[in-house]
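Close look at the chain arrangement
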Amino acid sequence: MRHLTLLALPALQLLTACGGGADAYLPDGTPVDFGPWDPDPIPQLRETPDGPMGYGDFALVLNEVRTDNGTRTLEENAKLNRASRDYADLIGQSGPLSHTGPDGSTPGDRAREAGYDYSFIAENLARGYPSDESVVDAWMNSDGHRENMLDERAEDFGLGRVGANWVLMVGAEK
C-alpha cells in the first residue's frame, strides 16, 4: 500500500500556521484506489527566462475544479513553477513535508526568491499521488487545501512535481 501525505498552509495564517493533513481514505472510511502507478505522468517542462512551463494538463484539472466552485481560472506562472519545483526537489532530498524549508524559508520567501512579488500566496504539499486528478481530488477533500485552491484572491498557480512530491503555489502579484 502506498503512503500518501498532504499538507496545506492556510492562506489566512500563511506565515504562522500549518494546517490540514489527509490520508488515503474517503470521509466514510473507504480506502481510495488511485489505480496503478503511472511512472511517466510528469510533463516535460520547457524552460523560459522566468522558469519552467508546461503544466497545461494540471491547469485543466485545477481550473475545472475552480470553475465548478464558482471561482475564476488561474494562469500558470513560470516564477511560481520554479519556486514550487525547486521546493519539491528540496523536500525530496530532505525528507519530511513541511511548509518551513530546511533553511527556515517560508512559501512567501520561496515565491519572492523566484521573483514573484506577491500580494497573496498559499501552498499545498502532497506526496505519493500518481496523477493530477488524484492529487487535486485529495486536496479538495481536505479543508485547508480546498480553501487554498479555491481562494478568490488567487490569479496564478505554480506546480512543482519531482518524483512523488507535489508542491502547488497559488498567488497574486502586487
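Residues numbered from 1 in each chain as written. Predicted model: local features only at pLDDT ≥ 70, side-chain atom pairs only at ≥ 80, totals over all residues. Heavy atoms only, no water.

As annotated in an unreviewed UniProt entry, the protein carries the name Cysteine-rich secretory protein family protein and is attributed to Limimaricola pyoseonensis.

What to know about the nonpolar core
Note on soluble globular proteins: their nonpolar side chains tend to be buried together. Counting 24 residues, the largest nonpolar core has Phe58 and Phe157 as its most contacted members. Residue assignment for this core shows that the elements contributing at least two residues are helix H1 (56-68), strand S5 (118-127), helix H4 (132-140), helix H5 (143-150), strand S6 (156-162) and strand S7 (165-173). Of all hydrophobic cores here, the second largest spans 14 residues; its members include Ala83, Ala111, Tyr118 and Ile121. (Core = buried A, V, L, I, M, F, W, Y, C linked by side-chain atoms within 4.5 Å. Buried < 20%, exposed > 50% of the residue type's maximum accessible area, 1.4 Å probe, protein only. Helix = DSSP H or I, 4+ residues; strand = E, 2+ residues; numbered from the N terminus.)

A closer look at the environment of Tyr129
By secondary structure assignment, the location of Tyr129 is in the loop between S5 and H4. Accessibility expressed as a relative area gives 0% for Tyr129, which makes it buried. Placed 37 residues apart in sequence, Tyr129 and Trp166 show a C-alpha to C-alpha distance of 8.2 Å.

Brief notes about the side chain of Asn63
Positionally, Asn63 belongs in helix H1. Ignoring any residue separated from it by four or fewer positions in sequence, one finds Asn63 in contact with Thr73 and Leu74. (Contact = heavy atoms within 4.5 Å.)

Observations regarding the pattern of salt bridges
Counted by the stated rule, this structure contains five salt bridges. Of the charged contacts, one joins Arg112 and Asp109 as a salt bridge, the two residues approaching to 3.5 Å between their closest N and O atoms. With Arg112 and Asp109 both in helix H3 (residues 107-113) and three residues apart, this pair spans about one turn of that helix. The class for Arg112 is partly exposed, based on a relative accessible area of 44%. (Salt bridge = Lys/Arg side-chain N within 4 Å of Asp/Glu carboxyl O.)

Details of the packing of aromatic side chains
With the rule as written, the count across this model stands at one aromatic pair. Each ring, one from Phe58 and one from Phe157, has its centre 5.8 Å from the other, and the planes form 45 degrees; the classification is tilted. Here the residue Phe58 occupies a position in helix H1, and Phe157 occupies one in strand S6, the gap between them amounting to 99 residues. Taking the relative accessible area as the measure of exposure, Phe58 reaches 1% and is therefore buried. Look at Phe157 and you get buried, because its relative accessible area is 0%. Across the ring face of Tyr87, the terminal group of Arg110 is positioned such that the distance to the ring centre comes to 3.6 Å. (Phe/Tyr/Trp six-rings, centres within 6.5 Å; stacked < 30°, edge-to-face > 60°. Lys NZ or Arg CZ within 6 Å of the ring centre and 35° of its normal.)

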